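# Inside the fold
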Amino acid sequence: MNEFSLGLRCDYLLTMAKGKTAVLRDHFVGMDGAKIKTVAPWAQNQWHCKKLIIAKNQVVMPGLVNGHTHLPMTLFRGLADDLPFHQWLHDYILPIEAQLVDAEFVRVGTQLAALELIASGVTTVCDMYFFEDQIADVVDKAGMRGLLSEAITDFPTPDDKKNEGHGFSILNTMVEKYRGHERITPCVGPHSPYTCGDESLRKSWAFAKKHETPFVIHVAETKIEVKESLKKYSKTPVKRLYDLGVMGNKTIFAHCVHVSKDDISLIANTGTSVIYNPESNMKLGAGIAPISKMLKTAIKIGIGTDGSASNNDQNLFREMDTGAKLQKLSQADNTAMTASQALNLATLSGAEALGLDKSIGSIESGKLADIIVVDLDSPHMRPLYDIASQLVYSSGGSEVETVICHGKILMENKKIQTLNKNQIYKDVQYRQNQVLEKVK
């Protein structure tokens, strides 16, 4: 008899193996510690599990991968909405960040984000913010998987008010603390080409190469960014980064809304990844990234929510829905992005974009057990013709029942096991009052 630490009997199993959305009926997934040991048709009395979850009328699928966000910005959710972008950013977000963001602010905002992410089925997140060591601590304790990027800029930041390079000190501490960690990967995060000069970008790249960490950066998010780059450097942001030699298979570009045909070729040829952030780009009026064109290339593409100040949620189910529909709209072609492609961006393709596809993103023997269970017992989930279509176009994230990361149950029957929701809500209220006082 086969022994397992945790088992799932799956009414519907969506493995996402090879990025495909084929559904298996009445299957078993057996886990031994952090890894998936067996994926096979269910056979009564053949499996012995310390704990067995019966996923009746539910879909068992890989945990979702949020490829780009700023977790602590949950505390800015709904603040100064519907203002012009530069007014929103320069009159509200940046000044309040400068005054209020400290290590504890970051910790509370990240805890709130972790609650939301787990509740909606996200097991892996790629973050960029300040005090990233605090974020790493929260993500670790929550039991999630994270690529966590300390933001680097040429300007003073909340954790480097005198602009003395403290961000690299935080990175050094993180690299030392999390070297070989099973779920936490420190990253260097130069904020963007327009906030980082050539020296900062080269220094960030040197750090990434030395410590073999990912290099995460916002690129070509707005027309103004591209216009200013052409004016100052006589080249697009992508071409500038290419000429600086900071593109490669561990480079992750967030946004890429305004990229040319030549830019797309440079991204593809260097093995650089792209993270699509449809709702944030739409809300801020930035535009629609040409993802349908990128899907025809070898570019590794994931999907992300961006921060809650510009979205206002961390819900990848909503992101998949919006992302697919925006591609259809922008191309006037309802096949420009299918439900299956959107689902792939949030699972296996998203894992590939973060360099994690050998370990997560699909439910296969030998991979790490990052798995979620999604309930189908709701009026909006019936009738059921196509699982991928239902998950992308009908579900909203609240259908997630159970979340497993690295073989550990983080949420079961909608009850989160690793975070104290009531205490987090109290701490959030305190921080909200601080923000309101500053706004006044």
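Residues numbered from 1 in each chain as written. Predicted model: local features only at pLDDT ≥ 70, side-chain atom pairs only at ≥ 80, totals over all residues. Heavy atoms only, no water.

## What about the side chain of Arg 145?
When you line up the elements, Arg 145 lands in strand β9 (residues 145-152). The class for Arg 145 is buried, based on a relative accessible area of 4%. In contact with Arg 145, other than residues within four places in its own chain, are Thr 123, Thr 124, Val 125, Val 139, Glu 182, Arg 183, Leu 356, Ile 360, Leu 368, Asp 370, Cys 405 and His 406. (Helix = DSSP H or I, 4+ residues; strand = E, 2+ residues; numbered from the N terminus. Buried < 20%, exposed > 50% of the residue type's maximum accessible area, 1.4 Å probe, protein only. Contact = heavy atoms within 4.5 Å.)

## Focus: helix α5 (residues 198-211)
The terminal C-alpha atoms of α5, which comprises 14 residues, lie 20 Å apart, in line with the 20 Å expected from a rise of 1.5 Å per residue. Of all the positions in α5, only Ser 200, Leu 201, Ser 204, Trp 205, Phe 207 and Ala 208 are classed as buried. Each buried residue of α5 lies within a common arc of 155° when the element is viewed along its axis, so the set occupies one face. Opposite its buried face, α5 presents the exposed residues Glu 199, Lys 209 and Lys 210, each directed more than 90 degrees away. Contact partners of the buried residues in α5: β9, α4 (166-177), β10 (184-190), β11 (215-219), α7 (237-243) and β12 (251-255). (Expected span 1.5 Å × (residues − 1). Arc of directions from axis to C-beta.)

## Quick notes on the layout of surface pockets
Of the voids in this model, the largest pocket is the one considered here, and its volume is about 870 Å³. Lining of the largest pocket is provided by 37 residues; of these, Leu 89, Leu 94, His 191, Tyr 194 and Thr 195 occupy positions nearest its centre. Of all elements in the fold, only α1 (85-100), β8 (122-129) and α6 (223-233) reach the threshold of two or more residues within the lining of the largest pocket. Tallying contributions element by element places α1 first for the lining of the largest pocket, with nine residues. For the lining of the largest pocket, the class distribution of residues is 18 nonpolar, 13 polar and six charged. The volume enclosed by the second largest pocket comes to roughly 490 Å³. Around the second largest pocket, the lining comprises 28 residues; the ones closest to its centre are Thr 185, Glu 212, Pro 214, Lys 250 and Leu 356. Elements with a contribution of two residues or more to the lining of the second largest pocket: β9 and β10. Of the residues that constitute the lining of the second largest pocket, the class distribution is 12 nonpolar, 10 polar and six charged. (1 Å grid on protein atoms, 1.4 Å probe; cavity = no way out; pocket = protein on both sides within 12 Å on 5 of 7 lines; lining within 4 Å. Points joined across faces, edges and corners; volume = space filled by probe spheres on them. Nonpolar A, V, L, I, M, F, W, Y, C, P; charged D, E, K, R; others polar.)

## Some remarks on the packing of aromatic side chains
What the rule picks out here adds up to eight aromatic pairs. An angle of 55° between the planes, with centres 5.9 Å apart, marks the rings of Phe 28 and Trp 42 as tilted. Placement of the pair is Phe 28 in strand β3 (residues 23-32) and Trp 42 in the loop between β4 (35-41) and β5 (47-49), with a sequence separation of 14 residues. For Phe 28, a relative accessible area of 0% puts it in the buried group. Here Trp 42 falls in the buried class, since its relative accessible area comes to 18%. Arranged with centres 4.5 Å apart and planes meeting at 5°, the rings of Phe 28 and Trp 47 form a pair that is stacked. You can see Phe 28 sitting in strand β3 and its partner Trp 47 sitting in strand β5, a full 19 residues away along the chain. Accessibility classification places Phe 28 together with Trp 47 in one group, the buried group. Taken together through their ring pairs, the aromatic side chains of Phe 4, Phe 28, Trp 42 and Trp 47 make up a single cluster. Here the basic side chain of Arg 240 rests over the ring of Tyr 233, its NZ or CZ set 4.0 Å away from the ring centre. (Phe/Tyr/Trp six-rings, centres within 6.5 Å; stacked < 30°, edge-to-face > 60°. Lys NZ or Arg CZ within 6 Å of the ring centre and 35° of its normal.)

## Brief notes about the environment of Ala 342
Relative to the elements of secondary structure, Ala 342 occurs in helix α12 (residues 339-345). The exposure class assigned to Ala 342 is buried, which follows from its relative accessible area of 1%. Taking the C-alpha atoms as reference points, Ala 342 and Arg 77, 265 residues apart in sequence, are found 25 Å from one another. Residues within four places of Ala 342 in sequence aside, it is in contact with Met 320, Ala 324, Met 337 and Val 392.

## Some remarks on helix α11 (residues 316-331)
In this model α11 runs 22 Å from its N-terminal to its C-terminal C-alpha over 16 residues, within 8% of the 22 Å that 1.5 Å per residue would give. Regarding α11, the residues found buried are Leu 316, Phe 317, Glu 319, Met 320, Asp 321, Thr 322, Gly 323, Ala 324, Leu 326, Gln 327 and Lys 328. Two to three positions downstream of the cap, the backbone nitrogen of Phe 317 sits 2.9 Å from a side-chain oxygen, assigning the N-cap of α11 to Asn 315. Just downstream of α11, Ala 332 is the residue with a positive phi angle, here 50°. (Polar contact = N/O pair within 3.5 Å; in protein donor to acceptor, adjacent residues only side chain to side chain.)

## Some thoughts on unusual backbone geometry
The amide bond that connects Arg 382 to the next residue, Pro 383, takes the cis arrangement and shows omega of -5°. One non-glycine residue, Ser 234, lies in positive phi territory at about 60°. Tracing the backbone shows Ser 234 in the loop between α6 and α7. With phi around 50°, Cys 256 is a residue other than glycine that occupies positive phi space. Mapped onto the elements of the fold, Cys 256 is located in the loop between β12 and α8 (261-270).

## Details of the packing of helix α3 (residues 132-142) against α4
Close contact between α3 and α4 brings their axes to 9 Å; oriented N to C, the two are set at 30°. Considering their axes alone, α3 and α4 lie roughly parallel with respect to each other. Mapping the contact onto sequence places Glu 132, Asp 133, Ala 136 and Asp 137 in α3 and Ile 170, Met 174 and Lys 177 in α4. Looking at the contact of α3 with α4 residue by residue, the classes come out as three nonpolar, no polar and four charged. (Axes fitted to C-alpha atoms, helices over the stretch in contact; angles between N-to-C directions. Parallel < 35°, antiparallel > 145°, perpendicular 65-115°, else oblique.)

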